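# What the coordinates show
What follows is the residue order along each chain.
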Amino acid sequence: MMELNEAVSVLIKGLEGAVTEAGFTLVRPENIDKDALPITVDKETGKTFIDYNGESGKIRLQIDGVKLSLLFSEDDGDYKSASENYFDPKDSDERDIKSLCNELNETILQKYGK
């Protein structure tokens, strides 16, 4: 059993190698503390976003309830779903999150790997 912030922290750390290898960097939203998690929450929908930018486009992790979506965007700005996964920190431990990271890393590298 994990808290959301703890699970998101493990998720970000677990994706770091693949997103870096694919040429992406984590986007730190404006107006947040440098020690805070780099997440954006849409006040209208309640969805949480973690964004990455690179020369090849954008990657977004979107958390909506217990669903985590991996989204890709080329230059047009429209995000397209690459995968959807069950993500409920209350039902997960660190091993579960790392397993999810492995799946997401594989999808990222299939799309953007060099």
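Residues numbered from 1 in each chain as written. Predicted model: local features only at pLDDT ≥ 70, side-chain atom pairs only at ≥ 80, totals over all residues. Heavy atoms only, no water.

## Looking at the nonpolar core
Among soluble globular proteins, nonpolar side chains are generally buried collectively. Judged by nonpolar contacts, the single largest core of 25 residues is most densely connected at Leu11, Leu15, Tyr52, Ile59 and Leu61. The leading source of residues in this core is helix 1 (residues 4–21), at seven residues. Apart from the residues lying within four places of it in its own chain, the contact partners of Ile59 are Val19, Phe24, Ile50, Asp51, Tyr52, Leu70, Leu71, Phe72, Tyr79, Ile108 and Tyr112. (Core = buried A, V, L, I, M, F, W, Y, C linked by side-chain atoms within 4.5 Å. Buried < 20%, exposed > 50% of the residue type's maximum accessible area, 1.4 Å probe, protein only. Helix = DSSP H or I, 4+ residues; strand = E, 2+ residues; numbered from the N terminus. Contact = heavy atoms within 4.5 Å.)

## Section: the side chain of Arg60
Tracing the sequence through the fold places Arg60 in strand 4 (residues 57–64). Side chain to side chain, Arg60 and Asp51 meet in a polar contact 2.7 Å long. Leave out the neighbours within four places in its chain, and Arg60 touches Phe49, Ile50, Asp51, Ser69, Leu70, Leu71 and Tyr79. (Polar contact = N/O pair within 3.5 Å; in protein donor to acceptor, adjacent residues only side chain to side chain.)

## Description of the environment of Tyr79
Within the fold, Tyr79 resides in strand 6 (residues 79–86). For the pair Tyr79 and Lys13, spaced 66 residues apart in sequence, the C-alpha separation works out to 23 Å.

## Some words on the packing of helix 1 against helix 2 (residues 94–112)
Across the interface, helix 1 lies against helix 2 with an axial gap of 9 Å and an inter-helix angle of 25°. Regarding the angle of helix 1 to helix 2, the classification is roughly parallel. In this structure, helix 1 crosses over helix 2, and the sense of that crossing is right-handed. Contacts from Ala7, Val10, Leu11, Gly14, Leu15, Ala18, Val19 and Glu21 of helix 1 reach helix 2 at Glu94, Ile97, Lys98, Leu100, Cys101, Leu104, Asn105, Ile108 and Leu109. Along the lines of polarity and charge, the residues of the contact of helix 1 with helix 2 split into twelve nonpolar, two polar and three charged. (Axes fitted to C-alpha atoms, helices over the stretch in contact; angles between N-to-C directions. Parallel < 35°, antiparallel > 145°, perpendicular 65-115°, else oblique. Left-handed = near helix turned anticlockwise from the far one by under 90°. Nonpolar A, V, L, I, M, F, W, Y, C, P; charged D, E, K, R; others polar.)

## Focus: unusual backbone geometry
Positive phi, close to 65°, is recorded for Asn31, a residue that is not glycine. Topologically, Asn31 is positioned in the loop between strand 1 (24–26) and strand 2 (40–41). The exposure class assigned to Asn31 is exposed, which follows from its relative accessible area of 82%.

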